[in-house]
Amino acid sequence: MTMNGPFGGRTTITARALHRLAIGVFSDAAGVRIDRVRVELEDQRGSLRVSVTVPVLLGRSDDLVQRGSGIRRRVISSLEDLAGRRASAVDVRFSGIERTDRRVQ
């Protein structure tokens, strides 16, 4: 993807960079380690169709439907804000379990 601005030159975001950005955004939105996130990006007439598989994070009180909706909203806005790309669809699949097991000392 290439973006042109009021100044000479251009900014190009490679497919690999967009993929890594999406992984980081999902990791942050789901609250899981980056190595547990699997993302697929597909071009849909200029927009992105994004599919992600992340583990369920135990220890949160919201249900999985609410979590999926929250993750979807954060990813859509983050991809637009950070990469200037519109996500037309974001599919979230939960698999496995990630425990929060963080103790306060």
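Everything quoted here is computed from the prediction, not taken from an experiment. (Residues numbered from 1 in each chain as written. Predicted model: local features only at pLDDT ≥ 70, side-chain atom pairs only at ≥ 80, totals over all residues. Heavy atoms only, no water.)

Trainee: Would you take a moment to explain the environment of V25 for this structure?
Mentor: Inspection of the secondary structure assignment puts V25 in helix α1 (residues 15-30). Separated by 46 residues in sequence, V25 and I71 place their C-alpha atoms 9.1 Å apart. Each residue touching V25, except ones within four places of it in the same chain, is listed here: R74, V75, S78 and L82. (Helix = DSSP H or I, 4+ residues; strand = E, 2+ residues; numbered from the N terminus. Contact = heavy atoms within 4.5 Å.)

Trainee: Help me understand the sheet that holds strand β5 (residues 87-98), please; the structure alone is not making it clear to me.
Mentor: Two orientations exist for strands paired in a sheet by backbone hydrogen bonds: parallel and antiparallel. Taking strand neighbours across the sheet as the criterion, the 3 strands line up as β3-β4-β5 in an open arrangement whose pairing is mixed. Each having just a single partner strand, β3 (38-44) and β5 make up the two edges of the open sheet. Adjacent strand axes in the sheet meet at a mean angle of 15° when their direction is disregarded. Pairing analysis gives 7 bridges linking β3 to strand β4 (residues 47-57), with the strands arranged antiparallel. Opposite E40, over in β4, you have S51 as the bridge partner. α1 rests against β3, β4 and β5 of the sheet, and its axis sits at about 125° to β3. (Pairing = 2+ DSSP bridges. Axes fitted to C-alpha atoms, helices over the stretch in contact; angles between N-to-C directions.)

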